[in-house]
Amino acid sequence: MEKCDVTCMATIPDDMEVEAHFFAKEDGIIAGIALAETIFNEVDPSLKVDWSQKDGDYVHKGLNFGKVHGRAHNIVRAERVVLNFMQWMGGITTQTKAMANAAHPALIFKTMKTAPVLRLVDKY
């Protein structure tokens, strides 16, 4: 039996295909698209992911900036991990940009603090 959310297994037909959209929860900078694609591909290589924005783009609250299409079960399996990483990475990116803007004309070359095991994600 494949791994999936128990509620998903009980309420969504196994063969159901859906399209899920990514909306910005607040103004900020997009980060983590490459990692999101890797996660979706790891869960199900047949999932189709399309982005209207790229890493580093500024987005406004409510903007639809991407979508994923495929088996509902597999999207549900991947979506929470994808959203957690993208929110984490986007928050770091947005705050770092705000600090860099506030420090201008001084330059910020790097941030020092990282979460355990997530150094590569935090430095992305």
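The structure contained in this document is the topic of the report that follows. None of these values were measured; they are calculated from a predicted model.

Cut-off values and rules
- Residue numbers here run from 1 along each chain, matching the order of that chain's written sequence.
- Since the coordinates come from a predicted model, pLDDT governs what is reported: local features require at least 70, and pairs of side-chain atoms require 80 or more to be given and counted, while whole-chain, interface and lining totals use all residues.
- Hydrogens and water are ignored here; the side-chain numbers use all heavy atoms of the structure.
- Helix and strand definitions follow DSSP, with helices as H or I runs of at least four residues and strands as E runs of at least two, each counted in order from the N terminus.
- The buried label applies to any residue whose accessible area, calculated with a 1.4 Å probe on protein chains only, is under 20% of its type's maximum; exposed applies above 50%, and partly exposed to all values in between.
- Pairs of residues are marked as contacts when any of their non-hydrogen atoms sit within 4.5 Å.
- Shrake-Rupley sampling with a 1.4 Å probe provides the accessible areas, and residues are treated as covered by the protein chains on show and by no other component.
- Each salt bridge in this description consists of a side-chain nitrogen of Lys or Arg and a carboxyl oxygen of Asp or Glu lying within 4 Å of one another.
- Strand pairing follows a simple DSSP-based rule, namely that at least 2 bridges must link the two strands.
- Fitted lines through C-alpha atoms serve as axes, helices being fitted only where they are in contact, and the angles separating the N-to-C directions of these axes extend from 0 to 180 degrees.

When helices and strands are counted, the chain shows 4 helices and 5 strands. Reading the secondary structure of the chain in the N-to-C direction produces α-β-β-α-β-β-β-α-α. Relative to its 124 residues, the chain shows a buried fraction of 27%. Look at the contacts in the chain between residues 6 or more apart in sequence, and 73% of them connect residues 24 or more apart. A total of about 8,400 Å² of accessible surface is found on the chain, and carbon and sulfur atoms cover 60% of it.

Here the focus is the pattern of salt bridges. All told, the structure shown has 2 salt bridges when counted by the stated rule. Arg71 is paired through a salt bridge with Asp14; the nearest N and O atoms lie 2.7 Å apart. Separated by 57 residues along the polypeptide, Arg71 in strand 5 (residues 64–71) and Asp14 in the loop between helix 1 (6–11) and strand 1 (17–23) bring together distant segments of the chain. With relative accessibility at 48%, the residue Asp14 sits in the partly exposed group. For Lys54, the salt bridge identified is with Asp57, shortest N-O distance 3.1 Å. Residue Lys54 is classed as exposed on the basis of its relative accessible area of 55%. Relative accessible area serves as the criterion here: at 19%, Asp57 is assigned to the buried category.

Okay, the sheet that holds strand 3 (residues 48–51) next. Strand order across the open sheet formed by 3 strands is 1-5-3, with antiparallel pairing between neighbours. Only two strands of the sheet have a single neighbouring strand rather than two, namely strand 1 and strand 3. Looking at each pair of strands side by side, their axes are set apart by 15 degrees on average, direction ignored. With 7 bridges connecting them, strand 1 and strand 5 associate as antiparallel partners.

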